[in-house]
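# Overview (structure and organization)
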Amino acid sequence: MTDSNLPSVQLAEAIAGQLGQLRRLLALAPPHEAAQILADVLDYDTGILGEITQLVETGSRFAKVHSEHGVLPPEVWLALGRAANELDSVGGDLAEHTGTIKQVAKPTAPSSRPTAAPVASAMVIRRRR
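So, here is what we can say about the structure in this document. (Residues numbered from 1 in each chain as written. Predicted model: local features only at pLDDT ≥ 70, side-chain atom pairs only at ≥ 80, totals over all residues. Heavy atoms only, no water.)

### Focus on the side chain of Thr53
- By secondary structure assignment, the location of Thr53 is in helix α3 (residues 48-68).
- If we skip the residues at most four places from it in the chain, Thr53 touches Tyr44, Ala84, Leu87 and Asp88. (Helix = DSSP H or I, 4+ residues; strand = E, 2+ residues; numbered from the N terminus. Contact = heavy atoms within 4.5 Å.)

Structural data, given as structure tokens:
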């Protein structure tokens, strides 16, 4: 059982609550604001995703030491290590797209030119009803 009086546990609980609040705000935000939130979250050097990845990596090192001493099963260390590697890989993949997301985040002045109709990507699958 965790001791919820520890400052570190309280901090973890507060961060989880704030992430939930941010998720709800993202769902309701206008496109440029949502894009800014996503760009900030996904920025691998300064954003939440990079920090979470480093947190899981730190947890993996903790689990390694404690599994070597028989406190934790080795599967815990392996799972945390795998999660850290996957997060790092996903973060790298997403880093390729944060520039595009940041472009959406920039409010643009209305153009006097008519905009072209969007073209569907090969990745877009439309369902017929």
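On we go.
### Let's talk about the pattern of salt bridges
- Using the criterion set out here, one finds two salt bridges in the structure.
- One salt bridge connects Asp43 with Lys102, and the closest N-O pair in it is separated by 3.6 Å. Here the residue Asp43 occupies a position in the loop between α2 (31-42) and α3, and Lys102 occupies one in helix α5 (residues 98-105), the gap between them amounting to 59 residues.
- We classify Lys102 as partly exposed; its relative accessible area is 35%. (Salt bridge = Lys/Arg side-chain N within 4 Å of Asp/Glu carboxyl O. Buried < 20%, exposed > 50% of the residue type's maximum accessible area, 1.4 Å probe, protein only.)

### Describing the layout of surface pockets
- By volume, the largest pocket amounts to about 220 Å³.
- Lining the largest pocket, in full, are Ile15, Leu19, Ile48, Glu51, Ile52, Gln54, Leu55 and Thr58.
- Elements with a minimum of two residues in the lining of the largest pocket: α1 (7-28) and α3.
- Residue contributions to the lining of the largest pocket peak at six residues, all from α3.
- Along the lines of polarity and charge, the residues of the lining of the largest pocket split into five nonpolar, two polar and one charged. (1 Å grid on protein atoms, 1.4 Å probe; cavity = no way out; pocket = protein on both sides within 12 Å on 5 of 7 lines; lining within 4 Å. Points joined across faces, edges and corners; volume = space filled by probe spheres on them. Nonpolar A, V, L, I, M, F, W, Y, C, P; charged D, E, K, R; others polar.)

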